[in-house]
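Listed below, chain by chain, are the residues.
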Amino acid sequence: MEYEASAEIKASKVAGFALAELQKYLGMTQIDEQAPEVIELSLGPPSEFPADAHDGFRLVRSAGKLGIRSAQERGLLNGVYEVLNHLGFAFPFPDVDRRPAKADWARLNKCDGEGSCFIPSFRHRILHFDNLRLTPAMIDWAGKLKINMIQRPLHEYKIDTGGGTELVDMIGARGIELNVGCHGFDNWLPPCTYGREHPEWYASQHPVHQGIFIDPTGELPPSEFSAGQVCLSNPDVLAEFSANVVGFLKANPQVRTVSLWPNDGIDNWCACESCLALEPEPGRRETTEASQDDPPAPLSRDRCVSAAPQRAE
Ligand SMILES: [Zn+2]
């Protein structure tokens, strides 16, 4: 079997990786008379694909040849794994590759989509988890499942990578977008950095606001101790928050997006006078099924909306 790919594809990080994956796995199989003589990987202009194709791909068969085509490099990798799936390869768990005793080329030749585009059902397929470490095996597995975004809480991302590049390089080679942030406004304003000098930056009812630094679990180091929500009506909070987000993105260009989510919970929002004044209905209180027995909390979503333009600056 021969492989055709332009010099541009061979030199490209993601497309080159797709080609290497194809060669690696097909090298483990028997080639029979139903197999194409040539497999070609090619990138076509977006105009040749539906507008919603994103990292979709086409499998195009002609006499003796199978073409894997996409408008995006990431789509080529998706196409490679699709071909491998049709041939009988399976990737059921991280670090577990199942390969067929004999590649099922007949099945691949019968699969739907002759020349038509395989369009992912969802533009973003996200692997999100916390309280687990991100490992090379998980990244490799995510690529094979056609995951195109990995999302990690900020503090866990820092522990995952430890300032190193191995995981980041693996994610980059698979064309997977990195998204960092998730629940934890205070991750951007760590209480161990700011809490003693600026206790007023944290929610009025949180112990840190009173200068008390006690981890309720007694287990967390100061760097991971949560101070809950921050005081969103304080302009110094927004300025430092924004500076830290921008600084993080500049120092970590591999991170494409940040997710700015409040800390979990509805009854932990700052209840200082100026925060309550941001509420369009200051007297209104909110409860959920989960918090029926707790004191009703001030509504809080409007505060995020109020603070957002300042963050954007
Ligand atoms: Zn406040």
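In every chain, residue numbers begin from 1 and rise along the written sequence. Totals for whole chains, interfaces and linings use every residue, but because this is a predicted model, local features are given only for residues with pLDDT of at least 70 and side-chain atom pairs only at 80 or more, for both listing and counting.

### Here's the deal with the pairing of strand S5 (residues 90-93)
Alright, step 1. Two strands pair under a simple rule: DSSP has to find at least two bridges between them. Numbering of helices and strands starts at the N terminus; helices are DSSP runs of H or I of at least 4 residues and strands are runs of E of at least 2. Pairing of S5 with strand S6 (residues 96-98) involves 2 bridges; the strand directions are antiparallel. When the bridges of S6 are listed, Ala 90 appears paired with Arg 98.
Alright, step 2. Connecting S5 to the antiparallel partner S6 that follows it, the hairpin turn spans 2 residues, and Asp 95 within it adopts a positive phi of roughly 70 degrees.

### Let's talk about the sheet that holds strand S9 (residues 149-153)
Alright, step 1. Ordered in space as S8-S9-S10-S11, the 4 strands form an open sheet in which the pairing is parallel. Strands with a single pairing partner mark the edges of an open sheet, and in this sheet they are strand S8 (126-128) and strand S11 (255-261). Pairs of neighbouring strands in the sheet enclose a mean axial angle of 25 degrees, with direction left out of account.
Alright, step 2. When S9 meets strand S10 (residues 177-183), the two strands line up parallel, connected through 5 bridges. Across the sheet, the residue bridging to Arg 152 is Val 180, located in S10.
Alright, step 3. We call two residues in contact when their backbone-placed C-beta atoms lie within 7 Å. Angles shown run from 0 to 180 degrees and are taken between the N-to-C directions of axes, each axis being a line fitted to C-alpha atoms and, for helices, limited to the stretch in contact. Contacting S9 and S10, helix H6 (residues 154-161) crosses the sheet at an angle of about 105 degrees to S9.

### What to know about the nonpolar core
Alright, step 1. The term nonpolar core means buried Ala, Val, Leu, Ile, Met, Phe, Trp, Tyr and Cys residues held together as one set by C-beta atoms within 7 Å. For every residue, the other C-beta atoms within 10 Å of its own C-beta are counted; 20 or more classify it as buried, 12 or fewer as exposed, and values in between as partly exposed. C-beta atoms are placed from the backbone. Core analysis: the largest hydrophobic core is formed by 31 residues, its most contacted members being Val 230, Cys 231 and Val 237.
Alright, step 2. Counting only elements with at least two residues in this core, the list comes to helix H5 (136-144), H6, helix H7 (166-173), S10 and helix H9 (235-251).
Alright, step 3. Ala 18, Phe 57, Leu 59 and Val 83 belong to the second-largest nonpolar core, a separate cluster that totals 25 residues.

### Considering the sheet that holds strand S1 (residues 2-5)
Note: strands within a sheet are paired through backbone hydrogen bonds, in either parallel or antiparallel orientation.
Alright, step 1. The 5 strands lie next to each other as S1-S2-S4-S3-S7, forming an open sheet whose pairing is mixed. In this open sheet, the two strands that pair with only one neighbour each are S1 and strand S7 (117-118).
Alright, step 2. Sheet topology places S1 next to strand S2 (residues 38-43); 4 bridges connect them, and they run parallel. Within S2, the residue paired with Glu 4 across the bridge is Glu 40.
Alright, step 3. Packing against the sheet, helix H2 (residues 13-26) makes contact with S1 and S2, and its axis sits at approximately 165 degrees to S2.
Alright, step 4. Here helix H3 (residues 73-87) sits on the sheet in contact with S2, strand S3 (57-62), strand S4 (65-70) and S7, set at roughly 140 degrees to S4.

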